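Letter by letter, the chains look like this.
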Amino acid sequence: MIGRLNHVAIAVGDLEKACKLYRETMGAKVSEPLPQPAHGVTVVFIELPNTKVELLHPLGENSPIAKFLEKSPDGGIHHICYEVDDILAARDRLKAGGARVLGDGNPKIGAHGKPVLFLHPKDFNGTLVELEQA
Ligand SMILES: C[C@@H](C(=O)O)C(=O)SCCNC(=O)CCNC(=O)[C@H](O)C(C)(C)COP(=O)(O)OP(=O)(O)OC[C@H]1O[C@@H](n2cnc3c(N)ncnc32)[C@H](O)[C@@H]1OP(=O)(O)O
Ligand SMILES: [Co+2]
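Named according to an unreviewed UniProt entry, the protein is methylmalonyl-CoA epimerase originating from Rhodoplanes elegans. Per UniProt, the comment on the protein under Sequence similarities (unreviewed entry) is "Belongs to the methylmalonyl-CoA epimerase family." Looking at the Catalytic activity (unreviewed entry) heading of the UniProt record, one finds this comment for the protein: "(R)-methylmalonyl-CoA = (S)-methylmalonyl-CoA".

See below:
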């Protein structure tokens, strides 16, 4: 059911410093910061030949990554995003298998303009999983 790896997300406390690290030291193609108010984060995409890395920085009062950064102020890998062909079919299959879908269970539009959902890290070996409709 799951398809391509869309991105790996890294939460960072200092977005400018992280962008500079990837652009200058790592020599990567780094986007401008894109505020995502519906998700409580600002994202930066780093385009690699075969996938993307998403840098995440908290936005607004109730950012879902605030606690994560409190626990790991230097940042860390926050989630992994897999593509699926049909996000509602994927959600229903995962729920039937006992996985917890986060939020109200309905997809939101993600940073690529496509529907996304998140699955509880405790149901996936301690890894927060994002699904994005391909
Ligand atoms: C724009 C979009 C896109 O790409 O298109 C995005 O990616 S938006 C990316 C940002 N959006 C999201 O992350 C939305 C989904 N996330 C959430 O709903 C939340 O962050 C949760 C995953 C439910 C965590 O919430 P919160 O930090 O308030 O809960 P908590 O601290 O009580 O955590 C409960 C337990 O899960 C663990 N935990 C928390 N966040 C984790 C993570 N990212 N990876 C692995 N484990 C994690 C905690 O250590 C704790 O374990 P212990 O109990 O063992 O200590
Ligand atoms: Co993401």
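Still more ground to cover, so stick around.
Draft legend 1. Broad picture of the nonpolar core. Core analysis: the largest hydrophobic core is formed by 12 residues, namely I10, V12, L15, A18, C19, Y22, A28, V30, V44, I46, V53 and L55. If you list the elements that add at least two residues to this core, you get α1 (15-25), β4 (41-47) and β5 (52-58). Counting residues per element, this core draws most heavily on α1, at 4 residues. The residues contacting V12, other than those within four sequence positions of it, are A18, L55, L56, H57, P58 and L69. I87, L94, V129 and L131 belong to the second largest nonpolar core, which has 10 residues in total.

Draft legend 2. Representation of the coordination of the cobalt ion (ligand 2) within the structure. Distances from the cobalt ion (ligand 2) to its protein donors, H7 (NE2), E54 (OE), H79 (NE2) and E130 (OE), fall at 2.1 to 2.3 Å. Counting residues between consecutive donors of the cobalt ion (ligand 2) along the chain gives the motif H-x46-E-x24-H-x50-E. Of this pair, H7 sits in strand β1 (residues 5-11) while E54 is found in strand β5, placing the two residues 47 residues apart along the sequence.

Draft legend 3. Region of the structure containing the site of ligand 1. Near ligand 1, the surroundings consist of 19 residues, among which E54, H78, H79, A111 and K122 are the closest. At 3.1 Å from an oxygen atom of ligand 1 is found a main-chain nitrogen or oxygen belonging to P64. In this structure, an oxygen atom belonging to ligand 1 sits 3.3 Å away from a side-chain N or O atom of K71. Alone, ligand 1 offers 1100 Å² of accessible surface; in the complex the protein occludes 72% of this. Cavity membership is defined here by more than half of the atoms lying within 2 Å of grid points; on that basis ligand 1 lies in the largest pocket.

Draft legend 4. Up close: the pattern of salt bridges. Taken as a whole and judged by the stated rule, the model has 5 salt bridges. With a shortest N-O distance of 3.1 Å, D92 and R91 are connected by a salt bridge. Relative accessible area serves as the criterion here: at 40%, D92 is assigned to the partly exposed category. Judged by relative accessible area, which is 13%, R91 ranks as buried.

Draft legend 5. How the structure looks around the environment of L21. Relative to the elements of secondary structure, L21 occurs in helix α1. Judged by its relative accessible area of 42%, L21 falls in the partly exposed class. Along the chain, L21 and I80 lie 59 residues apart, while their C-alpha atoms are 21 Å from each other.

Rules and cut-offs
Residues numbered from 1 in each chain as written. Chains lettered and ligands numbered in written order. Predicted model: local features only at pLDDT ≥ 70, side-chain atom pairs only at ≥ 80, totals over all residues. Heavy atoms only, no water. UniProt positions renumbered as here; feature names shortened; annotations may be inferred. Core = buried A, V, L, I, M, F, W, Y, C linked by side-chain atoms within 4.5 Å. Buried < 20%, exposed > 50% of the residue type's maximum accessible area, 1.4 Å probe, protein only. Helix = DSSP H or I, 4+ residues; strand = E, 2+ residues; numbered from the N terminus. Contact = heavy atoms within 4.5 Å. Donors = N, O, S within 2.8 Å, 3.2 Å for Na, K, Ca; no water. Near = heavy atom within 4 Å. Polar contact = N/O pair within 3.5 Å; in protein donor to acceptor, adjacent residues only side chain to side chain. Areas by Shrake-Rupley, 256 points an atom, 1.4 Å probe, with all protein chains shown as cover. 1 Å grid on protein atoms, 1.4 Å probe; cavity = no way out; pocket = protein on both sides within 12 Å on 5 of 7 lines; lining within 4 Å. Sits in = over half its atoms within 2 Å of the grid points. Salt bridge = Lys/Arg side-chain N within 4 Å of Asp/Glu carboxyl O.

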